[in-house]
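Commentary on secondary and tertiary structure
So the chains spell out like this:
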Amino acid sequence: MTLDELRGLDGAKLRYALMDLAKEVPDAIALGRGDPDLDTPAHVVEAAKRALAEPLQPLQPVAGMPALREAIARRARGDHGVSVGPEQVLVTTGGQEGLFLVMSALLDPGDEILVPDPRYTSYDQAIEHAGGVSVTVPTQPEEAFDLKAAAIEPLITPKTKALLLVTPSNPTGGIITRGEAEKIAALAQKHGFVVISDEIYGKFVWPPFEHVSIGALPGMREHTITLSGFSKAWAMTGWRVGYVIAPKDAIDGMAAIKAATTGPVANVSQAAALAAAEADDACIDAFREIYAERRAILGDGLRAMGLDYTDPRGGFFFWADSSSTGLRALELSYLLLKEASVLVFPGTGFGARWSDYLRITTLQPTEVLREAVERMTPVVRRYADEAKARS
Ligand SMILES: Cc1ncc(COP(=O)(O)O)c(C=O)c1O
């Protein structure tokens, strides 16, 4: 695919086209996708093996294996700040199915949903499929891309059905602070909209910041749908287990759609997720240490090569400004792939107006990240020098 052809794409289509292009580049280092590269913890894999050894594999209820729904409900207080019973949990085929089911069950054609800009654009596809209308809420570099109540309030209309809140954010690494969560909770209650709180990166918030679950705030119980899963926290992307926490009638509505489409999640994956959910968080703590080291390597590298960014407050990504190179992020990512054999995603993969930003992941081992930085540095510097000479 040529650069001109890529220019015609945005959102998920652009991201997938670049991943295809990277397959043609020998020895390319992928800093594109957001799936953890770490191994699924051994106790989780062992539980799956034991489950496979059981001769009878009865079909589980569509909303999930009862023991897994209970385990997620038990963890919900600590992980998402909400006290719920298992009937308020739906086990989904990854967070991806969860977000699709939430939009399908919640939105009627013409309903408006406030979505942060930039964002994980799979949401746009789910919203469009449900006939909903996305209303983008800008986030700002000078506010570390945190979502602010003041940016939300003017966009609320009588048609506003929901607000999507992703904390920490993919792609920016911004978070929701307690103060802003309180203001947003007040808006949700005043105007009667639902907050969909995607907390799939919630275990990876970097000190001094803390993970804040809006559903934990007074009066938000009935106004919050929490979405999360096992892909990020337990490095289990390929197992495809996510979950939604919501009032029981909403869970029943989503389960009915799930019954008509995918049915329950595969038994072996649910058994693995159960082992993950029942154990303590020691393996996640170990992952956090690994990501912290990588964050330092990539952050130092980007700064040294002259790409400006705000320190991510959580999650796996750097959201870096390409303008020092005098190039649009799409051109720069194309050139980085061709000239440095490193894949990074242009910001337009996460919202049309982000043509000066790159999303760069930390999801490679430290030595590979160092190599990626070494490869990128001369290319970025050369274009930055050329831009300076022109100005
Ligand atoms: C913000 C966000 N939500 C949900 C998902 C879905 O994750 P999965 O389907 O792997 O559980 C992703 C995946 O990258 C994501 O970035």
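Residues numbered from 1 in each chain as written. Predicted model: local features only at pLDDT ≥ 70, side-chain atom pairs only at ≥ 80, totals over all residues.

To continue, consider the overall build of the protein chain. Looking only at helices and strands, one finds 13 helices and 13 strands in the protein chain. Computed over the C-alpha atoms, the radius of gyration of the protein chain is 21 Å, within 12% of the 21 Å expected from 2.2 N^0.38 for a compact globule of 391 residues. Over its C-alpha atoms, taken along the principal directions, the protein chain stretches across nearly 65 × 55 × 40 Å. Of all 391 residues assigned to the protein chain, the portion counted as buried reaches 52%. Taking the contacts inside the protein chain whose residues are at least 6 apart along the sequence as the reference set, 75% of them involve residues at least 24 apart. (Helix = DSSP H or I, 4+ residues; strand = E, 2+ residues; numbered from the N terminus. Rg over C-alpha atoms; globule rule 2.2 N^0.38 Å. Buried ≥ 20, exposed ≤ 12 C-beta atoms within 10 Å, placed from the backbone. Contact = placed C-beta atoms within 7 Å.)

Let us look at the domain arrangement of the protein chain. Domain boundaries in the protein chain define domain 1 (3-30 + 283-383) and domain 2 (42-278). Between domain 1 and domain 2, the C-alpha centre-to-centre distance is 26 Å. Residue-level contacts link 22 residues of domain 1 with 29 residues of domain 2. Secondary-structure elements contributing two or more residues to the side of domain 1 that touches domain 2 are α2 (11-23), α11 (282-305) and β10 (317-321). For the side of domain 1 that touches domain 2, the leading source of residues is α11, giving five residues. (Domains from an automatic or database assignment.)

This paragraph deals with the pairing of strand β4 (residues 133-138). Bridge count for strand β3 (residues 112-117) against β4 is six bridges, and the pairing is parallel. Paired with isoleucine 113 across the strands is serine 134, a residue of β4. Handedness of the crossover is the feature at issue here: the chain leaves β3, passes through helix α6 (residues 122-129), returns alongside β4, and the resulting connection is right-handed. (Pairing = 2+ DSSP bridges. Right-handed = clockwise from strand over helix to strand, strands pointing away.)

Of all residues adjacent to the ligand, which total 14 residues, the nearest are Gly94, Gly95, Gln96, Asn170 and Ser231. Counting residues per element, the shell around the ligand draws most heavily on helix α5 (residues 94-106), which supplies four residues. Looking at the shell around the ligand residue by residue, the classes come out as four nonpolar, nine polar and one charged. (Near = placed C-beta within 6 Å. Nonpolar A, V, L, I, M, F, W, Y, C, P; charged D, E, K, R; others polar.)

Overall, antiparallel pairing links the four strands, which are arranged β9-β10-β13-β12 in an open sheet. Strand pairing shows two members of the sheet lacking a second neighbour, β9 (308-309) and β12 (345-346), which therefore form its edges. Helix-sheet contacts for α11 involve β9, β10 and β13 (357-361), and the interaxial angle to β10 is about 5°. (Axes fitted to C-alpha atoms, helices over the stretch in contact; angles between N-to-C directions.)

This next bit is on the packing of helix α12 (residues 329-340) against helix α13 (residues 366-390). α13 packs onto α12 with a crossing angle of 120° between their chain directions and a minimal axis gap of 10 Å. On the basis of the axis angle, α12 is oblique to α13. Note on packing geometry: the crossing formed by α12 with α13 is right-handed. Residues Leu335, Leu336, Glu339 and Ala340 of α12 form the contact with α13, whose participating residues are Arg375, Met376 and Val379. For the contact of α12 with α13, the class distribution of residues is five nonpolar, no polar and two charged. (Parallel < 35°, antiparallel > 145°, perpendicular 65-115°, else oblique. Left-handed = near helix turned anticlockwise from the far one by under 90°.)

Glancing now at the pairing of β10. Of all the five residues making up β10, four are buried; the element is thus mostly covered by neighbouring parts of the structure. As paired strands, β9 and β10 are joined by two bridges and run antiparallel to one another. In the sheet register, aspartate 308 faces β10, and the bridge partner there is aspartate 321. Alignment of β10 against β13, held across five bridges, turns out to be antiparallel. Paired with phenylalanine 317 across the strands is threonine 361, a residue of β13.

Turning next to unusual backbone geometry. At the junction of aspartate 117 and proline 118, the peptide bond is cis and its omega measures out at 5° in the coordinates. Its location among the elements puts proline 118 in the loop between β3 and α6. Backbone geometry at aspartate 27 places phi at a positive 65°, although glycine is not the residue there. Residue placement: aspartate 27 occurs in the loop between α2 and β1 (29-30). By C-beta crowding, aspartate 27 is classed as exposed, having 7 other C-beta atoms within 10 Å.

Structurally, the position occupied by alanine 126 is in helix α6. Through-space distance from the C-alpha of alanine 126 to that of glutamate 199 is 18 Å; in sequence the pair is 73 residues apart. Leaving out residues up to four positions away in the same chain, alanine 126 has contacts with Leu99, Phe100 and Met103.

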